[in-house]
Amino acid sequence: MTPRAADRARYDRATAHLDAPVAIVDLEAFDANADDLVRRAAGKPIRVASKSVRCRALLERVLARPGFAGIMSFTLAESLWLARAGFEDVLLAYPSADRTAFAELTSDPKLAAAVTVMVDDPAQLDLVDAARERQDLEVRVCLELDTSLQLFGGRVRVGARRSPLRTPAQLADLARSVARRPGFRLVGLMAYEGHVAGVGDAVAGRPVRSRAIRLMQSAARKELAARRAEVVRAVRAVAPDLEFVNGGGTGSVQHTAAEAAVTEIAAGSGLYVPRLFDNYTSFSGRPAALFAQPVVRRPGVGVVTVLGGGYPASGAPGTDRLPVPYLPEGLGYDGQEGAGEVQTPLLGSAADDLLIGDKVWFRHAKAGELCERFEELQLVEGDRVTATVPTYRGEGRTFL
């Protein structure tokens, strides 16, 4: 029996009492992935990206482990909810225009002490002040540095379009604006190198493309390391008590941790290891989060049809955004139908061994987005479900 076949047998036994669709997290794989992130971080704390987990019970589990500290959230409403639930260090990774949430933040000393907001424009400070409930509460502020690699005088850009702040002078100017402004305190700096951390460099069947990605990422790491160090020096000259400098992502943990200017690493997807993280030369994780769909039809030889399964991930459209049939091995999509909203035909010799009601296990493309499809996660240890925990959706929270 192959290791994947053994996993399928375990998951089928563990969930035999549950009807599909069902989503699981294999806790042995989850914990092993957490250990590997800590190893790669080489002593620097890891701030957990909540958008990649979207389950409070699992956020609590990983934050209880040595090497993890703090949450990186994705909306201000989520940040406040987590802070009210007892999480004491929540960094909002994206600017917000949520006036209601800003009013909440500035009305409660506990929330103001626990949540740090992201800023890359003075207009974002204006939004906070316009919604402010109490003038005596300081809002904790983090500045974001643009990490994109720009070549040929800026005519070629590689990386996400995030912050407009790129140079040490630009960051220092905004730092001075924050320092001069009553009711705000600059505590952090963030730089997320998504073109390194979130792009696999070993694309199956694409050796030339993979080589080009590795060359790009090598150049990007060198350029960013030098620029980030200069930016940190410039910002610390304005705010010498800066509490943290955050960088990285699952795919670049060890590289970012090697930079002296960085004090903590952000990561989250590496806990679940969805399919987009299969194509890296720098690390390999264990698939920890999967979902199962039931076989509902057998249209013919070499074909079964499962219920639903069309859970595409965000980002530029492409086949890499689709879930992949994972267990049993040897199933694939019909090219004319793909992953369907209500039903999905699957082709392959393995189909002939499946009966009506059997489970087909899938891996999704992007980590936390799976939790927007399920209200519960079944936590599997060995061949048993040992707990059932709600996702954000299961707690009635859909932040985006």
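Residues numbered from 1 in each chain as written. Predicted model: local features only at pLDDT ≥ 70, side-chain atom pairs only at ≥ 80, totals over all residues. Heavy atoms only, no water.

Strands sit in the order β2-β3-β4-β5-β6-β9-β10-β11 around a closed barrel of eight strands; the barrel is parallel. Here the average twist between neighbouring strands, direction ignored, is 30 degrees. Where strand β2 (residues 46–49) lies against strand β11 (residues 264–267), three bridges are found, and the strand directions are parallel. Each bridged residue has a counterpart across the sheet, and for Arg47 the counterpart in β11 is Ala266. Each of β3 (68–73), β4 (90–92) and β5 (115–119) is contacted by helix α4 (residues 76–84), which is oriented at about 165 degrees to β5, the strand it contacts most. (Pairing = 2+ DSSP bridges. Helix = DSSP H or I, 4+ residues; strand = E, 2+ residues; numbered from the N terminus. Axes fitted to C-alpha atoms, helices over the stretch in contact; angles between N-to-C directions. Contact = heavy atoms within 4.5 Å.)

Turning next to the packing of aromatic side chains. For any pair of aromatic rings, the description consists of the separation of the ring centres together with the inter-plane angle of the planes. Enumeration over the complete set of coordinates arrives at 13 aromatic pairs. Ring centres of Tyr11 and Trp361 lie 5.6 Å apart, and the angle between their planes is 55 degrees; on these two criteria the pair is classed as tilted. Note that Tyr11 is positioned in helix α1 (residues 3–14) and Trp361 in strand β17 (residues 359–363), a separation of 350 residues in sequence. Of the aromatic side chains, those joined through ring pairs into one cluster are Phe74, Trp81, Tyr392 and Phe399. Here the basic side chain of Arg40 rests over the ring of Phe283, its NZ or CZ set 4.1 Å away from the ring centre. (Phe/Tyr/Trp six-rings, centres within 6.5 Å; stacked < 30°, edge-to-face > 60°. Lys NZ or Arg CZ within 6 Å of the ring centre and 35° of its normal.)

What follows is about helix α8 (residues 168–180). The end-to-end C-alpha distance of α8 is 18 Å, a good match for the 18 Å that 13 residues give at a rise of 1.5 Å each. The complete set of buried residues in α8 reads Leu171, Ala172, Leu174, Ala175 and Val178. Buried residues along α8 cover an arc of 165 degrees about the axis, so they all sit on one side. Where the residues of α8 are buried, they touch β5, α7 (122–131), β6 (139–144), β9 (184–191) and α10 (207–238). (Expected span 1.5 Å × (residues − 1). Buried < 20%, exposed > 50% of the residue type's maximum accessible area, 1.4 Å probe, protein only. Arc of directions from axis to C-beta.)

A few words on the pairing of β17. Most of β17 is tucked away, with five of its five residues classed as buried. Burial along β17 is two-sided: Lys359, Trp361 and Arg363 facing one way and Val360 and Phe362 facing the other are all buried. Pairing of strand β12 (residues 289–300) with β17 involves four bridges; the strand directions are antiparallel. Residue pairing across strands places Ala292 opposite Trp361, the latter belonging to β17.

The next thing to look at is the side chain of Thr106. Tracing the sequence through the fold places Thr106 in the loop between α5 (99–105) and α6 (109–114). Not counting the four nearest positions on each side in its chain, Thr106 is found in contact with Val128, Ala131, Arg132, Glu133, Arg134, Leu137 and Val139.

Looking now at the state of the cysteines. This structure, assessed with the given rule, holds zero disulfides. Cys371 provides the cysteine sulfur closest to Cys55, a residue in no disulfide bond, and the two sulfurs are 6.3 Å apart. (Disulfide = S-S within 2.5 Å.)

This part takes up a nonpolar patch on the surface. Together, Leu151, Phe152 and Val156 give the surface a local cluster of nonpolar side chains, amounting to about 270 Å² of exposed area. Within the element layout of this structure, Phe152 appears in the loop between β7 (149–151) and β8 (156–158). Overall, Phe152 belongs to the exposed group, its relative accessible area being 59%. (Patch = residues over 30% accessible without salt bridge, like charges linked within 9 Å, V, L, I, M, F, W, Y side chains within 5 Å. Areas by Shrake-Rupley, 256 points an atom, 1.4 Å probe, with all protein chains shown as cover. Salt bridge = Lys/Arg side-chain N within 4 Å of Asp/Glu carboxyl O.)

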